[in-house]
Amino acid sequence: MLRVGKSVPDPMRLAELIEGFGSAVEQIPDLWIRFDEGRISEVDFVMQLTEIVEYMEAWPGDEL
């Protein structure tokens, strides 16, 4: 693969970013379960889900 014009991210930083994304994905089923069981309100569910989705849409951002 050519490296011309491509930046090489720090492998440790890249691993941290990938772990963060994985953690965000893993929060979704638990969030749904808590909502489905009535442990959180619809407002809290939507707010927390929105935060997760916004994080995922912005990922990785300028952090590489």
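Look above for the structure.
My aim in this report is to walk through the structure given alongside it, one point at a time. Predicted model only: the values in this text are computed from it and were never measured. (Residues numbered from 1 in each chain as written. Predicted model: local features only at pLDDT ≥ 70, side-chain atom pairs only at ≥ 80, totals over all residues. Heavy atoms only, no water.)

1. Here's the deal with the pattern of salt bridges
1) Next: Within the structure shown, the criterion is met by three salt bridges.
2) Next: Where glutamate 16 meets arginine 13, a salt bridge forms, and the shortest distance between an N and an O atom there is 3.0 Å. Here glutamate 16 pairs with arginine 13, and both are found in helix H1 (residues 11-36), just three residues apart, close to one helical turn.
3) Next: Given a relative accessible area of 46%, glutamate 16 falls into the partly exposed group.
4) Next: The exposure class assigned to arginine 13 is partly exposed, which follows from its relative accessible area of 29%.
5) Next: Arginine 34 is the partner of aspartate 30 in a salt bridge, and the nearest nitrogen-oxygen pair spans 3.2 Å. (Salt bridge = Lys/Arg side-chain N within 4 Å of Asp/Glu carboxyl O. Helix = DSSP H or I, 4+ residues; strand = E, 2+ residues; numbered from the N terminus. Buried < 20%, exposed > 50% of the residue type's maximum accessible area, 1.4 Å probe, protein only.)

2. Focus: the packing of aromatic side chains
For any pair of aromatic rings, the description rests on two quantities: the centre-to-centre distance and the angle between the ring planes.
1) Next: Evaluated as defined, the whole model comprises four aromatic pairs.
2) Next: Chaining the aromatic ring pairs together yields one cluster made of Trp32, Phe35 and Phe45. (Phe/Tyr/Trp six-rings, centres within 6.5 Å; stacked < 30°, edge-to-face > 60°.)

3. Focus on the nonpolar core
Generally speaking, a soluble globular protein has its nonpolar side chains buried in company with each other.
1) Next: In this structure, Ala24, Leu31, Ile40, Phe45 and Ile52 together form the largest nonpolar core, which totals five residues.
2) Next: Only H1 and helix H2 (42-58) provide two or more residues apiece to this core.
3) Next: Ignoring sequence-local partners within four residues, the contact set of leucine 31 consists of Ile40, Phe45, Gln48, Leu49 and Ile52. (Core = buried A, V, L, I, M, F, W, Y, C linked by side-chain atoms within 4.5 Å. Contact = heavy atoms within 4.5 Å.)

By themselves, these are just geometric observations and shouldn't be taken as functional.
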